[in-house]
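Summary of structural features
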Amino acid sequence: MSFTSVRNYLSILSQINKSLGYSCAFLGDYDSQLGIRAVRRLLGDVTARKHVMTVDILLQILPHLVSGNIFHTCMAVLFLVIFFSFLRISNLVPCTLRDISNPHPLFLKRSDVHFSPRGAVLSVARRKTLQFNQRLLEIPLPIIPGSPLCPVSALRLYLHHIPAEPYLPLFSLYVNNQYRPI
């Protein structure tokens, strides 16, 4: 755990108590503040930065993914689409199996991909800043001829080898006689 997590849990506890009509004055008293400061010193209050994905890292990852393995092909396409679209993982794959039955899913479906001679376009209806389908966001994916990093050619190959219904998640595999999302 980190100090930030502890602070978030205390905030949740405070909100629950307030919503139930109970007092949260104990969180502001001297002993509680000393305890919070002690936890901060013990755990530290440093934000862990995420590592940046680079072209070099992608070029190191892709050779380890076997082209004949459908799961590896799916993962390679997922990495390339994430890299070139700047989307969050929640926009690309369902967080839980229950999310598949959501009538307004956050993740991309196969019908959300459109190809043109200039590349591919991802149609995103919902994302962190557009939660209520206010407008459709169209994200272009570039064609990079002859490059192992071409998201369009990888996406075409993936959709050709793993055909499925348009309403299914974009990144899903046929396992045990059913489609399962990544």
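Our structure's up above, just so we're on the same page.
Here, residues in each chain are numbered from 1, in the same order as that chain's written sequence. Restriction of local features to residues with pLDDT of at least 70 applies here, the model being predicted, together with a cutoff of 80 or more for giving and counting side-chain atom pairs; totals for whole chains, interfaces and linings are based on all residues. To get the side-chain values, all heavy atoms of the structure are used, and hydrogens and water are removed first.

1. A short note on the overall build of the chain
Filter applied, for reference: What counts as a helix is a DSSP run of H or I of at least four residues, what counts as a strand is a run of E of at least two, and both are numbered from the N terminus. Atoms considered for the radius of gyration are the C-alpha atoms alone. The globule rule reads 2.2 Å times the number of residues to the power 0.38. Any residue under 20% of the maximum accessible area for its type is buried, any over 50% is exposed, and the rest in between are partly exposed; the area is computed with a 1.4 Å probe on protein chains only. In this description, contact between two residues means that some pair of their heavy atoms is separated by no more than 4.5 Å. Here, Shrake-Rupley sampling with a 1.4 Å probe gives the accessible areas, and only protein chains in the shown set may cover a residue. Under the convention used here, Asp and Glu are negative, Lys and Arg are positive, and both His and the chain ends fall outside the count. Think of each charge as sitting on NZ of Lys, CZ of Arg, CG of Asp or CD of Glu.
Within the chain one finds five helices and five strands. Each helix (α) and strand (β) of the chain, taken in turn from the N terminus, gives the series α-α-α-α-β-β-β-α-β-β. In terms of overall dimensions, the chain is more spread out than a globule: its C-alpha atoms have a radius of gyration of 22 Å, far above the 16 Å expected for 182 residues. With the C-alpha coordinates of the chain rotated into their principal frame, the extents come out at 65 × 40 × 35 Å. Here the chain, with 182 residues, has 31% of them falling under the buried criterion. Considering only contacts in the chain between residues 6 or more positions apart, those separated by 24 or more positions represent 49%. Summed over its atoms, the accessible surface of the chain is roughly 12,300 Å², and 60% of this surface lies on carbon and sulfur atoms. One way to put it: in the chain the 18 positive side-chain charges average out to a point 3 Å from where the 8 negative ones average out.

2. Focus: helix α2 (residues 30-43)
This is how it is decided: One less than the number of residues in a helix, times 1.5 Å, gives the span that helix is expected to have.
An ideal rise of 1.5 Å per residue puts 20 Å on 14 residues; α2 measures up with 20 Å between its terminal C-alpha atoms. Backbone geometry just after α2 places G44 at a positive phi near 85 degrees.

3. With respect to the nonpolar core
Under the convention used in this document: Nonpolar cores were defined as sets of buried Ala, Val, Leu, Ile, Met, Phe, Trp, Tyr and Cys residues, with membership established by side-chain atoms within 4.5 Å.
Residues V81, L92, L122, L141, L155, Y158 and F171 are the most contacted members of the largest nonpolar core, which totals 32 residues. When residues of this core are traced back to their parent elements, those giving at least two are α4 (70-85), β2 (119-124), β3 (137-142) and α5 (151-161). If one sorts the elements of this core by residue count, α4 sits on top with eight residues. Dropping the residues within four chain positions of it, L141 is found in contact with V81, F84, S85, R118, G119, A120, L122, P151, V152 and L155.

4. What about the state of the cysteines?
Between two cysteines, a covalent bond joining their sulfur atoms is known as a disulfide. Threshold: Disulfides are defined in this document as cysteine sulfur pairs within 2.5 Å.
Scanning the entire structure with this criterion turns up zero disulfides. Considering cysteine sulfurs only, C74 is the nearest to C150, which forms no disulfide, with 17 Å between them. Looking at C150, the relative accessible area reads 4%, which means it is buried.

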